[in-house]
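# Analysis of the macromolecular model
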Amino acid sequence: MPTHAERRFLPYPPEALYELVADVQRYPEFLPWCTACRITSCKSNVITADLVIGFKFVRERFTSKVTLTPKDRIDVEYTSGPLRYLNNHWVFEPAEGGCVIDFHIDFEFKSRLFQRLAGVVFNEAVRRMVGAFETRARAVCKPVPAVGGPAPVPSPASGDRVTEPHRG
């Protein structure tokens with residue numbers, strides 16, 4: 001079903017980007033279609049959260065377990081809601097002048113109708129979500145100070161961006 005994997009350089013410290021992604025309760029403030037979040041459990045490095053996703057007349061709630069590996073990685077495990085499954089991770093790799101983020105998401109809806117709709121808008125939805133995280137990073141994170149010049153900015157050809165539907 002829809003799968004998206006992407007590696008992207010951002011000129012912010014890995015710790016700051018990790019904190020931004022780990023702050024699940026703030027997602028409704030900036031993430032498209034995320035209308036509500038309720039943290040139901042927070043034990044050590046594991047958060048259980050209910051997110052409400054809304055688009056036009058459709059609203060769905062799903063629960064996920066978010067496992068935090070401080071400063072390095074965030075894994076999201078789906079537990080209940082409209083999906084058959086969800087695999088999602090964020091890996092934060094220190095790089096000269098900032099951080100390389102390795103992002104992966106793969107999911108399937110239980111409903112064939114929702115699955116077909118997701119397939120139609122998936123690429124645009126992921127583009128907007130990734131863009132929302134980047135915009136939030138610009139607003140709340142301080143860039144890594146340049147040493148000997150500006151931080152490297154990858155060209156579109158070197159972005160290692162991979163978006164492909166998975167056929168199961």
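Residues numbered from 1 in each chain as written. Predicted model: local features only at pLDDT ≥ 70, side-chain atom pairs only at ≥ 80, totals over all residues. Heavy atoms only, no water.

## As for the pattern of salt bridges
This is how it is decided: Note on definitions: salt bridges are taken to be side-chain nitrogens of Lys or Arg within 4 Å of carboxyl oxygens of Asp or Glu. Elements are defined by DSSP. Helices are runs of H or I of four residues or more, strands are runs of E of two residues or more, and each kind is numbered from the N terminus. Accessible area is worked out with a 1.4 Å probe on protein chains only. A residue is then buried under 20% of its type maximum, exposed over 50%, and partly exposed in between.
Within this structure, the stated rule accounts for 14 salt bridges. Glu29 is the salt-bridge partner of Arg136, the closest N and O atoms lying 3.1 Å from each other. Of this pair, Arg136 sits in helix H3 (residues 112–140) while Glu29 sits in helix H2 (residues 27–30), placing them 107 residues apart in sequence. Look at Arg136 and you get buried, because its relative accessible area is 19%. Residue classification places Glu29 among the partly exposed residues on the basis of a relative accessible area of 48%. Between Glu124 and Arg128 there is a salt bridge, with the nearest N and O atoms lying 3.1 Å from each other. Placement of both Glu124 and Arg128 in helix H3 is noted, with a separation of four residues, approximately one turn of the helix. A relative accessible area of 33% places Glu124 in the partly exposed class.

## Things to note about the nonpolar core
Counted only if it meets this: Each nonpolar core is a collection of buried residues, namely Ala, Val, Leu, Ile, Met, Phe, Trp, Tyr and Cys, held together in the definition by side-chain atoms within 4.5 Å. Note on contacts: a residue pair is in contact if any heavy atoms of the two residues lie within 4.5 Å.
Counting 39 residues, the largest nonpolar core has Leu17, Tyr27, Ile74 and Phe92 as its most contacted members. Elements represented by at least two residues in this core include exactly helix H1 (14–22), H2, strand S3 (46–55), strand S4 (58–69), strand S5 (73–80), strand S6 (83–95), strand S7 (98–109) and H3. Top contributing element to this core by residue count: H3, with seven residues. Not counting the four nearest positions on each side in its chain, Tyr27 is found in contact with Leu20, Val21, Cys34, Leu51 and Phe133.

## Looking at the confidence of the model for the chain
We count it as follows: Each residue carries a pLDDT score, the predictor's own confidence in it, on a scale running from 0 to 100.
Here the chain averages 85 in pLDDT, while 85% of its residues score no lower than 70. By mean pLDDT, the top-scoring element of the chain is H1 (97), and the lowest-scoring one is strand S8 (residues 162–165) (38). When the criterion is pLDDT under 50, residues 155–168 qualifies, and its contacts beyond four places in sequence or with other chains add up to 20 contacts.

## Observations regarding unusual backbone geometry
In this structure, Ser44 is a non-glycine residue whose phi angle is positive, near 55 degrees. Inspection of the secondary structure assignment puts Ser44 in the loop between strand S2 (34–43) and S3.

## Points about the packing of aromatic side chains
Put simply, the test is: Any Phe, Tyr or Trp ring, taking Trp's six-membered ring, that has another such ring centre within 6.5 Å forms a pair; planes under 30 degrees apart are called stacked, those over 60 apart edge-to-face, and the others tilted.
For the structure on display, the rule yields seven aromatic pairs. For the pair Tyr18 and Phe92, a centre-to-centre distance of 5.8 Å together with 80 degrees between the ring planes defines the contact as edge-to-face. Of the two residues, Tyr18 is situated in helix H1 and Phe92 in strand S6; the sequence distance between them amounts to 74 residues. Here Tyr18 falls in the buried class, since its relative accessible area comes to 4%. Looking at Phe92, the relative accessible area reads 2%, which means it is buried. Both rings, one in Trp90 and one in Phe133, keep their centres 4.8 Å apart while their planes meet at 65 degrees; by these two values the pair is edge-to-face. Of this pair, Trp90 sits in strand S6 while Phe133 is found in helix H3, placing the two residues 43 residues apart along the sequence. Accessibility expressed as a relative area gives 8% for Trp90, which makes it buried. Judged by relative accessible area, Phe133 falls into the buried class, the value being 11%.

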